[in-house]
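# Structural overview for review
Spelled out from the first residue to the last, the chains are:
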Amino acid sequence: MSAWTTRRATAADAAAVVGLRALMFSAMGVSGVDDPGWQEAATAWFERELEGGRACVVVAEDADGEVVAGAMAGLRFETPSPVNPNGVWGLVNNVATRPEARRQGLARACVVGVLDWLRDETDATVVELFATGEGSQLYEELGFTRTAWPAMRLRLDR
């Protein structure tokens, strides 16, 4: 097992974070992963948003300083409700680990890092995520529970 550290990503890490995002989409079977259009847009988004306080990415680096895993959390603002009285939600996503670095606790460390950010530095009172079968156990161990309302999606043609 190689030595690794976790830290918050900065705008300089945008390309590495997009690479992890592409890896996650590939593992999920999402088509269009190789399309440079979304990758360029995502890189620009991370360069802009990582310094803005509405998103946080925690990455794990190996001993050579290579980013090998990461997790992201962002804020979502909705009308207050009985489920979330202040309307500020955290959304955990973009959890990915490169194959050669798996089974070392890196995803867990990165998710814990973004949960710490949500807890300590934001007003979020509820955190959601969409789990793959492989990730479900980790999230349950961290306290996430399943909801009665699975997501549904409508794509608007533009």
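So, how was this worked out
Residues numbered from 1 in each chain as written. Predicted model: local features only at pLDDT ≥ 70, side-chain atom pairs only at ≥ 80, totals over all residues. Heavy atoms only, no water. Helix = DSSP H or I, 4+ residues; strand = E, 2+ residues; numbered from the N terminus. Rg over C-alpha atoms; globule rule 2.2 N^0.38 Å. Buried < 20%, exposed > 50% of the residue type's maximum accessible area, 1.4 Å probe, protein only. Contact = heavy atoms within 4.5 Å. Areas by Shrake-Rupley, 256 points an atom, 1.4 Å probe, with all protein chains shown as cover. Lys, Arg positive; Asp, Glu negative; His and termini not counted. Charge placed at Lys NZ, Arg CZ, Asp CG, Glu CD. Phe/Tyr/Trp six-rings, centres within 6.5 Å; stacked < 30°, edge-to-face > 60°. Lys NZ or Arg CZ within 6 Å of the ring centre and 35° of its normal. Core = buried A, V, L, I, M, F, W, Y, C linked by side-chain atoms within 4.5 Å. Pairing = 2+ DSSP bridges. Axes fitted to C-alpha atoms, helices over the stretch in contact; angles between N-to-C directions.

### Overview of the overall build of the protein
Looking only at helices and strands, the protein has 4 helices and 5 strands in total. Secondary structure elements in the protein, listed N-terminal to C-terminal, are β-α-α-β-β-β-α-β-α. For a compact globule of 158 residues, the expected C-alpha radius of gyration is about 15 Å, and the protein comes in at 16 Å, within 12% of that figure. With the C-alpha coordinates aligned to their principal axes, the bounding extent of the protein is approximately 45 × 40 × 30 Å. Residues classed as buried in the protein amount to 37% of the 158 residues present. Long-range contacts, defined as pairs at least 24 residues apart, comprise 64% of the intrachain contacts of the protein with a sequence gap of at least 6. For the protein, the computed accessible surface area is about 9,900 Å², with 52% contributed by carbon and sulfur atoms. If you average the places of the 15 positive and of the 22 negative side-chain charges in the protein, the two averages end up 5 Å apart.

### A look at the packing of aromatic side chains
Any two aromatic rings considered together are summarised by their centre-to-centre distance and by the angle between their planes. For the coordinates displayed, the defined rule picks out 3 aromatic pairs. With centroids separated by 6.1 Å and ring planes inclined at 75 degrees, the aromatic side chains of Y139 and F144 adopt a geometry described as edge-to-face. When sorted by exposure, Y139 lands in the same class as F144, which is buried. Taking the ring centre of W89 as reference, the NZ or CZ of R76 above it sits at 4.9 Å.

### Things to note about the nonpolar core
If you look at the biggest cluster of nonpolar residues, it comprises 24 residues, and the most contacted ones within it are V92, V95, V114, L118 and Y139. Going through the elements one at a time, β2 (55-62), β3 (67-77), β4 (88-97), α3 (106-121) and α4 (136-141) are the ones with two or more residues in this core. Of all the elements, α3 adds the most residues to this core, at 8 residues. Every residue in contact with L118, bar those within four places of it in the chain, is listed here: A73, G74, L75, G90, V92, A124 and V127. By size, the runner-up hydrophobic cluster in this structure holds 18 residues, among which are V18, A22, A42 and F46.

### Considering the sheet that holds β2
Think of a sheet as strands paired side by side through backbone hydrogen bonds, with each pair either parallel or antiparallel. Ordered in space as β1-β2-β3-β4-β5, the 5 strands form an open sheet in which the pairing is mixed. Edge positions in the open sheet fall to β1 (4-8) and β5 (126-129), since each of these has one partner strand only. The mean inter-strand angle of the sheet, taken between neighbouring strand axes irrespective of direction, is 20 degrees. Contacts from helix α1 (residues 14-28) reach β2, β3 and β4 within the one sheet, and its direction differs from that of β4 by about 80 degrees. Where α3 meets the sheet, its contacts fall on β1, β2, β3, β4 and β5, and the angle it forms with β3 comes to roughly 30 degrees.

### What to know about the environment of D62
Position of D62 among the secondary structure elements: in strand β2. Judged by relative accessible area, which is 21%, D62 ranks as partly exposed. Counting along the chain gives 66 residues from D62 to E128, while the straight-line C-alpha distance between them is 28 Å.

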